[in-house]
Amino acid sequence: MQMKPESLMMSHGYKPELSQGAVKCPIFLTSTFVFHSAEEGKDFFELAYGHRQTRPNEELGLIYSRINNPNLEILEDRLTLWDEADGSAVFESGMSAISTVLLEFLKPGSLLIYSAPIYGGTHHFIHHVLTKYGISSIEFGIHDTKEQIQEKIIASGKSKDLALIYLETPANPTNDLFSIKEAVTLASYFSKENNEKVFVAVDNTYLGPIWQKPLSLGADITVYSATKYLGGHSDLIAGAVMGTQEVIRRVKTLRTFLGNMISPHTAWMLLRSLETLQIRMERQQSNAITVGNFLWKHPKVEKVYFLGIDESLSSRTQEIYKEQCLGPGAMISFDIKGTEATAFTFLNALKLFKLAVSLGSTESLAEHPATMTHVDIPTSDKIHMNITEKLIRLSIGVEDPQDLIKDLTQAFEKI
Ligand SMILES: *Cc1c(COP(=O)(O)O)cnc(C)c1O
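The rules behind these values
Residues numbered from 1 in each chain as written. Predicted model: local features only at pLDDT ≥ 70, side-chain atom pairs only at ≥ 80, totals over all residues. Heavy atoms only, no water. Helix = DSSP H or I, 4+ residues; strand = E, 2+ residues; numbered from the N terminus. Buried < 20%, exposed > 50% of the residue type's maximum accessible area, 1.4 Å probe, protein only. Polar contact = N/O pair within 3.5 Å; in protein donor to acceptor, adjacent residues only side chain to side chain. 1 Å grid on protein atoms, 1.4 Å probe; cavity = no way out; pocket = protein on both sides within 12 Å on 5 of 7 lines; lining within 4 Å. Points joined across faces, edges and corners; volume = space filled by probe spheres on them. Nonpolar A, V, L, I, M, F, W, Y, C, P; charged D, E, K, R; others polar. Domains from an automatic or database assignment. Axes fitted to C-alpha atoms, helices over the stretch in contact; angles between N-to-C directions. Parallel < 35°, antiparallel > 145°, perpendicular 65-115°, else oblique. Contact = heavy atoms within 4.5 Å. Core = buried A, V, L, I, M, F, W, Y, C linked by side-chain atoms within 4.5 Å. Left-handed = near helix turned anticlockwise from the far one by under 90°. Near = heavy atom within 4 Å. Pairing = 2+ DSSP bridges.

Examining the side chain of Ser-361
Part 1 of the argument: Residue placement: Ser-361 occurs in the loop between strand E10 (354-355) and strand E11 (365-367).
Part 2 of the argument: Residue classification places Ser-361 among the buried residues on the basis of a relative accessible area of 1%.
Part 3 of the argument: Of note is the side chain of Ser-361, whose polar atom sits 3.0 Å from the side chain of Ser-234.

Shown next as C-alpha cells:
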C-alpha cells in the first residue's frame, strides 16, 4: 500500500519489538554495539568498509555510533521519503553536509560552478577552503542565460575539469529562481564532452522537501540545513544529503572519516520534528500568502520578493516556478520605503516577530540582510542582487496570521 510521507513519519523504519515495545523510538545514547559473535562482527566490518557486496536480505548491523546508530539510521530512512531519494546521510550541521559534498565531488584541479547569491558559509568554504586544495570556481547569477554560463565555463579554459554544478534556489534573500533542469542539461553536455560525470547539487533549504524535489528534476544531490524547516523549532543544528545509493555511499564514507555525523540526541529531535513537517510547512506557507498580500498592498512598502504573488514575479521566474516549485514557501523579503534607519526603526518596533537570523521555524523572524546575513558581499554585488539598505527579510511561522499582520501594522506606524 502506497502512503504519503506524513502518514509514515511516526513509524517508518522503527521496530517497537526491538525496544521493549516502546511506541516511540528511544534515544540510543551509546557509542558502541555488542556483536552476537565474532563472525557477526567480521561480517559487519566487511560491509561497512565495502570489502564485499551485501548478500540477499543482509543489512549492515550496528557497529559504532560514528558509522551508524538507530536514531541516525531511522532518521535517514524517514528523510528519503520526502525527497523520493534512494538514500540519505545526516550531519551535525548544514555546513558539514555541504562541505562534505564539496570535498567528495571535487578534487585538486576541479572546476566548480555555482549560483549567486549563495549562503555565506558555503561562499566562504568555496573561496577560503577549497582554494587551498587547488579547486577553482565560477559564479553565475540570475541574469546569466544557459548559453552565457556555458561560455563562461569554456572561457575559463578549465571546462575539461568541470566536476560539479551547485545551485541554491530560491536564492536567499530575494527568492530569485535558478532552473534545475537547465543545470542538469548543462551537466550532461559537459559530462559527454569530458567523458566524466558532472554532478548537480541543489541546496534545497529555502523551500524544503514539501515544495521542491530537486532529485525528481534530475539533480544528483540535494543538501539541507536541517536546522531550518526540517528541524523547524530553532532548537537544533543539523544537516542532510539526499541522493542515489552511489552518491550516498560516497558521502557516508567520507563522513565516517571526517566524523561529522549527527548525534543520537539531535537525530531523535529531528524524528520528532518530522512528524509535523507537513502541517507546519502548510501553515507557514498559508500565513506567508496572507502576509505577502498584506505587504504587497501596503503604502510603506516599495517592492515585495515573494513567490506567492504572481504579479510581482518576472516572466522568467514564473516560468521556472511552474517547472520546479510546488508552492511559494514561507520566506518573504520586501523593500521598505526609506533608508537603513527606517528599516531599523521598523525592525526594532516588531514585537511578535523576533529580530534574529535563521529561518523555517515555528516562530516568525525578521532581519536586515545587507547588514546581517549578507554583510560579507561586496556593496556593488549587493546592489546588483537587490540586497539594499531597504531590504527586510521575514521568515513566517505558525502564529495566527492576523496577529502577524497586527504586529507588522504597528511597526509600520512607528516609521
Ligand atoms: C542555514 C543555511 C545553511 C547552513 O546550515 P547550518 O545548519 O547553519 O550549518 C546552508 N544553506 C542555507 C540555504 C541555509 O539557510
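Considerations on the layout of surface pockets
Part 1 of the argument: In this model, the largest pocket occupies a volume close to 1,700 Å³.
Part 2 of the argument: What lines the largest pocket is a set of 40 residues, and nearest its centre among them are Glu-59, Leu-60, Asn-68, Glu-73 and Lys-252.
Part 3 of the argument: Of all elements in the fold, only helix H2 (38-48), helix H3 (70-83), strand E1 (87-91) and helix H9 (245-258) reach the threshold of two or more residues within the lining of the largest pocket.
Part 4 of the argument: The element contributing the most residues to the lining of the largest pocket is H9, with eight residues.
Part 5 of the argument: For the lining of the largest pocket, the per-class residue count stands at 15 nonpolar, 14 polar and 11 charged.
Part 6 of the argument: Residues from two domains meet in the lining of the largest pocket; each of domain 1 (5-26 + 65-274) and domain 2 (31-63) gives at least three.

Section: the packing of helix H4 (residues 94-105) against H9
Part 1 of the argument: Between H4 and H9, the least distance of the axes is 10 Å, while the angle of their chain directions is 110°. As judged from the angle between their axes, H4 and H9 are roughly perpendicular. In this structure, H4 contributes Thr-100, Val-101, Leu-103, Glu-104 and Phe-105 to the contact, and H9 contributes Val-247, Arg-250, Val-251, Leu-254, Arg-255 and Leu-258.
Part 2 of the argument: Here the residues of the contact of H4 with H9 sort into seven nonpolar, one polar and three charged.

A word on the environment of Ala-267
Part 1 of the argument: Position of Ala-267 among the secondary structure elements: in helix H10 (residues 264-274).
Part 2 of the argument: The spacing of Ala-267 and Gly-231 is 36 residues in sequence and 9.7 Å in space, taken between C-alpha atoms.

Concerning the nonpolar core
Soluble globular proteins: nonpolar side chains tend toward being buried together.
Part 1 of the argument: Of all hydrophobic cores here, the largest spans 67 residues; its most connected members are Leu-295, Phe-334 and Leu-394.
Part 2 of the argument: The element that contributes the greatest number of residues to this core is helix H11 (residues 277-297), accounting for six residues.
Part 3 of the argument: Both domains that furnish three or more residues to this core are identified here as domain 1 (5-26 + 65-274) and domain 3 (278-413).
Part 4 of the argument: Beyond its immediate chain neighbours, meaning those up to four positions away, Phe-334 contacts Leu-295, Val-301, Lys-303, Val-304, Tyr-305, Phe-346, Lys-390, Leu-391, Ile-392, Leu-394 and Phe-412.
Part 5 of the argument: By size, the runner-up hydrophobic cluster in this structure holds 26 residues, among which are Ala-89, Ala-97, Ile-118 and Tyr-166.

Structural notes on the packing of H4 against helix H5 (residues 120-129)
Part 1 of the argument: Axis separation between H4 and H5 bottoms out at 10 Å; the angle between their running directions is 30°. Both H4 and H5 take part in a crossing whose hand is right-handed. Between H4 and H5, the residues in contact are Met-95, Ile-98, Ser-99, Leu-102 and Leu-103 and Gly-121, Thr-122, Phe-125 and Ile-126, respectively.
Part 2 of the argument: The class makeup of the residues in the contact of H4 with H5 is six nonpolar, three polar and no charged.

Overview of the site of the ligand
Part 1 of the argument: Looking at the ligand, there are 13 residues lining it, with Met-95, Asp-203, Ser-225, Thr-227 and Lys-228 nearest.
Part 2 of the argument: Note that an oxygen atom of the ligand is positioned 2.9 Å from one of the backbone N or O atoms of Gly-94.
Part 3 of the argument: Lys-228 has a polar side-chain atom sitting 2.7 Å from an oxygen atom of the ligand.
Part 4 of the argument: Here the shell around the ligand takes three residues from H4, the largest share from any one element.

Re the side chain of Thr-256
Part 1 of the argument: Topologically, Thr-256 is positioned in helix H9.
Part 2 of the argument: With a relative accessible area of 11%, Thr-256 lands in the buried category.
Part 3 of the argument: Sequence-distant contacts of Thr-256, defined by excluding residues within four places in its chain, comprise Arg-66 and Ile-67.

Some words on unusual backbone geometry
Trans peptide bonds make up the majority, and among non-glycine residues the majority have a negative phi.
Part 1 of the argument: The linkage connecting Thr-169 with the following residue, Pro-170, adopts the cis geometry, with an omega of -5°.
Part 2 of the argument: Position of Pro-170 among the secondary structure elements: in the loop between strand E4 (162-168) and helix H7 (180-194).
Part 3 of the argument: Even without a glycine there, the phi angle at Asn-195 is positive, about 55°.
Part 4 of the argument: Tracing the backbone shows Asn-195 in the loop between H7 and strand E5 (199-203).
Part 5 of the argument: One non-glycine residue, Asn-386, adopts positive backbone phi at about 65°.
Part 6 of the argument: For Asn-386, the location among the structural elements is in the loop between helix H14 (379-384) and strand E12 (391-395).

Here's the deal with the sheet that holds E11
Part 1 of the argument: Pairing is mixed across the open sheet formed by five strands, whose spatial order is E8-E9-E12-E11-E10. Each edge of the open sheet carries a strand with a single partner, namely strand E8 (301-305) and E10.
Part 2 of the argument: Bridge count for strand E9 (residues 331-336) against E12 is five bridges, and the pairing is antiparallel. Each residue of the ladder has a partner; that of Ile-332, found in E12, is Leu-394.
Part 3 of the argument: Each of E9, E10, E11 and E12 is contacted by helix H13 (residues 340-349), which is oriented at about 130° to E9, the strand it contacts most.

Things to note about the sheet that holds strand E7 (residues 239-243)
Part 1 of the argument: Spatially, E1-E7-E6-E5-E4-E2-E3 is the arrangement adopted by the seven strands of the open sheet, whose pairing is mixed. The outermost strands of the open sheet, each flanked by one partner alone, are E1 and strand E3 (136-140). The mean inter-strand angle of the sheet, taken between neighbouring strand axes irrespective of direction, is 20°.
Part 2 of the argument: As judged from the five bridges shared by E4 and E5, these two strands associate in the parallel manner. Residue Leu-164 lies in a different strand from E5, and its bridge partner there is Phe-199.
Part 3 of the argument: Lying on the sheet, helix H6 (residues 146-155) is in contact with strand E2 (111-115), E3 and E4; it crosses E3 at an angle near 155°.

Distances and angles like these do not, on their own, reveal function.
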